[in-house]
Amino acid sequence: MSYVINNGPRPVAPATRERVLAAIKDLGYRPDRVAQAMASRRTDLIGMIVPDARQPFFAEMAHAVEQAAAERGKMVLVGNSDYRTEREVHYLRAFLGMRVSGLILVSQGMSEQAASEIEAWDARVVLLHERPEAIDDVAVVTDDIGGAQLATRHLLEHGHEYVACIGGIENTPSVGDPVADHVEGWRRAMLEAGRSIEGRLIEAPYNRYDAYTVALEVLARPDRPTAIFCATDDQAIGVLRAARELRIDVPGELAVAGFDDVKEAALTDPPLTTIASDRPAMARAAVDLVLDDGLRVAGSRRERLKQFPSALVIRRSCGCR
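Under the annotation held in an unreviewed UniProt entry, the protein chain carries the name HTH-type transcriptional regulator and is attributed to Streptomyces virginiae.

Pasting the structure below:
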């Protein structure tokens, strides 16, 4: 029976397989997943750690991973690090202790402690969305720098003197950090166009609520920008709300673009111009990689980095009709 249920390790004749399956159905047999996990030292679970599942981008990414995992007969456990090292390490230890089949990690600047935990457990890990310096493992990312350049160039093409950028709370570049890469893409596009970036980079947390508070202050200034590129759509949604409260017309008096193309971006007022990545394809790639037996075989940096292209999604917030 076990060879039929587990589809191996030895082949079973078709006629025998049919008789076993019929008996399983008649008896109402259900496999003991705990016993199977103890025998194989692996479960049908994939652990996924995200910074904050309340943010639309991470929620949509987690959902895409769950769907991709279901196609492979796996379930996903999700933990929120809340951008805190101790929470990230907590979930790493918990998931690895459960003998998950692998880990998909969305880490905003992984700590040395978290990297050490992964190395100590010799775990299968795929980095999704970000590739932190602290760990050189397989990563699935989008073209963050190129996407930010597309958005910034598009705003400049509307005739704005310059484009301000709302980045993260720490605008010091970090290798592999998507928000830092979005800021870098903005910086490159501005310099290529011969525009100064001095004083035009604005710090704000990644969420809409704090970005809204920051935008209220920035947009109340007499020298307020006429165009803003936001490192995340959630920030851009906060900017749109602040502009509405201050009676600033978007896009007539202020053009706005974001990054991520969350579903809500199409429903904002006006609809948000943004940068999209193929999240379902990225999720499938991450799941396939984390379940692949060849994952831990050393390869070149290029082979260990799977990058998906970014695309400009034009809506009305930039000034296009």
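Let's pick the thread back up.
S.K.: Sorry if this is basic, but what is going on with the pattern of salt bridges here?
M.R.: Opposite charge on two side chains lets them pair, provided their charged atoms get close. One pass over the structure, following the stated rule, counts 14 salt bridges. Glu184 is the salt-bridge partner of Arg188, the closest N and O atoms lying 2.9 Å from each other. Placement of both Arg188 and Glu184 in helix 8 (residues 178-192) is noted, with a separation of four residues, approximately one turn of the helix. Take Glu184: its relative accessible area is 19%, and that puts it in the buried class. Put simply, Asp261 and Arg315 hold a salt bridge, and the shortest N to O gap is 3.0 Å. Highlighted residues: Asp261 in the loop between strand 9 (255-257) and strand 10 (274-276) and Arg315 in the segment after strand 12 (311-313), separated in sequence by 54 residues. Each member of the pair Asp261 and Arg315 is classed as buried. Each of Glu184, Arg187 and Arg188 takes part in a single network of salt bridges with overlapping partners.

S.K.: How do you make sense of the packing of helix 5 (residues 85-97) against helix 6 (residues 112-121) when you look at a structure like this?
M.R.: Helix packing geometry: the angle between the two helix axes and the distance between the axes. With their axes 9 Å apart at the nearest point, helix 5 and helix 6 run at an angle of 10° to one another. The orientation of helix 5 relative to helix 6 falls into the category roughly parallel. Across from Thr85, Glu88, Val89, Leu92, Arg93, Leu96 and Gly97 in helix 5, the residues of helix 6 making contact are Gln113, Ala114, Glu117, Ile118 and Trp121.

S.K.: It is not clear to me how the sheet that holds strand 4 (residues 125-128) should be interpreted in this structure. Could you clarify?
M.R.: Note on sheets: strands pair through backbone hydrogen bonds, and any given pair is parallel or antiparallel. With respect to topology, six strands assemble into an open sheet ordered 2-1-3-4-5-11, the strand pairing being parallel. At either margin of the open sheet sits one strand with a lone partner, and together these are strand 2 (75-80) and strand 11 (305-308). Pairwise comparison of adjacent strand axes, ignoring direction, gives a mean angle of 20° for this sheet. One ladder, built from six bridges, connects strand 1 (residues 45-50) with strand 2; its direction is parallel. Following the sheet pairing, Ile49 is matched in strand 2 by Gly79. In the packing of helix 11 (residues 279-291) onto the sheet, contacts are made with strand 1, strand 3 (102-105), strand 4, strand 5 (138-142) and strand 11, and the angle to strand 5 comes to roughly 175°.

S.K.: Where do I start with the sheet that holds strand 6 (residues 164-166) in this structure?
M.R.: Spatial ordering of the open sheet is given by 7-6-8-9, a layout of four strands whose pairing is parallel. On the outer flanks of this sheet lie strand 7 (201-202) and strand 9, each paired with one strand and no other. Where strand 6 and strand 8 (residues 227-230) come together, three bridges link them in parallel fashion. The residue of strand 8 that forms the bridge with Cys165 is Phe229. Across the sheet, helix 8 is in contact with strand 6, strand 7 and strand 8; its angle to strand 6 comes to roughly 175°.

S.K.: Looking at this model, I keep getting lost on the side chain of Arg279. Mind explaining?
M.R.: Checked against the element boundaries, Arg279 lands in helix 11. Of the polar contacts made by the side chain of Arg279, one reaches the backbone oxygen of Asp260; its length is 2.7 Å.

S.K.: Would you mind going over the environment of Glu198 with me for this structure?
M.R.: With respect to the helices and strands, the residue Glu198 is situated in the loop between helix 8 and strand 7. Judged by relative accessible area, Glu198 falls into the exposed class, the value being 68%. For the pair Glu198 and Ala164, spaced 34 residues apart in sequence, the C-alpha separation works out to 9.8 Å.

S.K.: How should I be thinking about the nonpolar core in this particular structure?
M.R.: Looking at soluble globular proteins, one finds that nonpolar side chains tend to be buried together. Among the nonpolar cores identified, the biggest contains 66 residues, and Met48, Ile104, Leu128, Phe229, Leu254 and Val256 are the most heavily contacted of them. In contact with Leu254, not counting residues within four places along its chain, are Leu219, Pro225, Thr226, Ala227, Ile228, Val239, Ala243, Ile248, Asp249 and Ser317. Ranked by size, the runner-up nonpolar core spans 17 residues in total, among them Tyr91, Phe95, Leu103 and Leu105.

S.K.: Looking at this structure, I do not really get the packing of aromatic side chains. What am I missing?
M.R.: For any pair of aromatic rings, the description consists of the separation of the ring centres together with the inter-plane angle of the planes. For the structure shown, the criterion picks out three aromatic pairs. Seen in terms of ring centroids, Phe57 and Phe58 are 5.5 Å apart; in terms of plane orientation they differ by 75°. Their pairing is edge-to-face. Accessibility assignment for this pair places Phe57 and Phe58 in one class, buried. The ring centre of Tyr162 lies 3.8 Å from the NZ or CZ of Arg200, which sits over that ring.

S.K.: Quick question: what am I supposed to make of the environment of Asp44 here?
M.R.: Within the secondary structure, Asp44 sits in the loop between helix 3 (33-40) and strand 1. For Asp44, a relative accessible area of 31% gives the class partly exposed. Here the alpha-carbon distance between Asp44 and Ala69, two residues 25 residues apart in the chain, equals 9.6 Å. Only 3.3 Å separates the side chain of Asp44 from the side chain of Lys74, close enough to count as a polar contact.

Definitions and limits used
- Sequence positions are assigned chain by chain, starting from 1 and proceeding in written order.
- This being a predicted model, a pLDDT of at least 70 is required before a residue's local features are given, and a value of 80 or more before pairs of side-chain atoms are given or counted; all residues contribute to the totals for chains, interfaces and linings.
- Note that the side-chain values use all heavy atoms of the structure and ignore hydrogens as well as water.
- Take a side-chain nitrogen of Lys or Arg and a carboxyl oxygen of Asp or Glu: if they are within 4 Å of each other, that pair is a salt bridge.
- By definition, any uninterrupted DSSP run of H or I lasting at least four residues is a helix, any uninterrupted run of E lasting at least two residues is a strand, and each is numbered from the N terminus.
- Here's how the labels work: a residue is buried when its accessible area is under 20% of the maximum for its type, exposed when over 50%, partly exposed in between, all with a 1.4 Å probe on protein chains only.
- Axis lines are fitted to C-alpha atoms, over the contacting stretch for helices. Their N-to-C directions set the angle, which ranges from 0 to 180 degrees.
- Reported orientations rely on four angle classes, namely roughly parallel under 35 degrees, roughly antiparallel over 145, roughly perpendicular from 65 to 115, and oblique for the rest.
- Residue contacts follow a heavy-atom distance rule, with two residues in contact if any of their heavy atoms lie within 4.5 Å.
- Two strands form a pair only when DSSP identifies at least two bridges running between them.
- As used in this structure description, the phrase polar contact means that two N or O atoms lie within 3.5 Å; if the pair is within protein, one of them must be able to donate a hydrogen and the other to accept it, and residues adjacent in sequence are counted only when both atoms belong to side chains.
- Definition of nonpolar core: a set of buried residues of the types Ala, Val, Leu, Ile, Met, Phe, Trp, Tyr and Cys, connected through side-chain atoms within 4.5 Å.
- A pair of Phe, Tyr and Trp rings is counted when the ring centres sit within 6.5 Å of each other, with Trp represented by its six-membered ring. The angle between the planes then sorts it: under 30 degrees is stacked, over 60 is edge-to-face, the rest tilted.
- By definition, being over a ring means that NZ of Lys or CZ of Arg is both within 6 Å of the ring centre and within 35 degrees of the ring normal.

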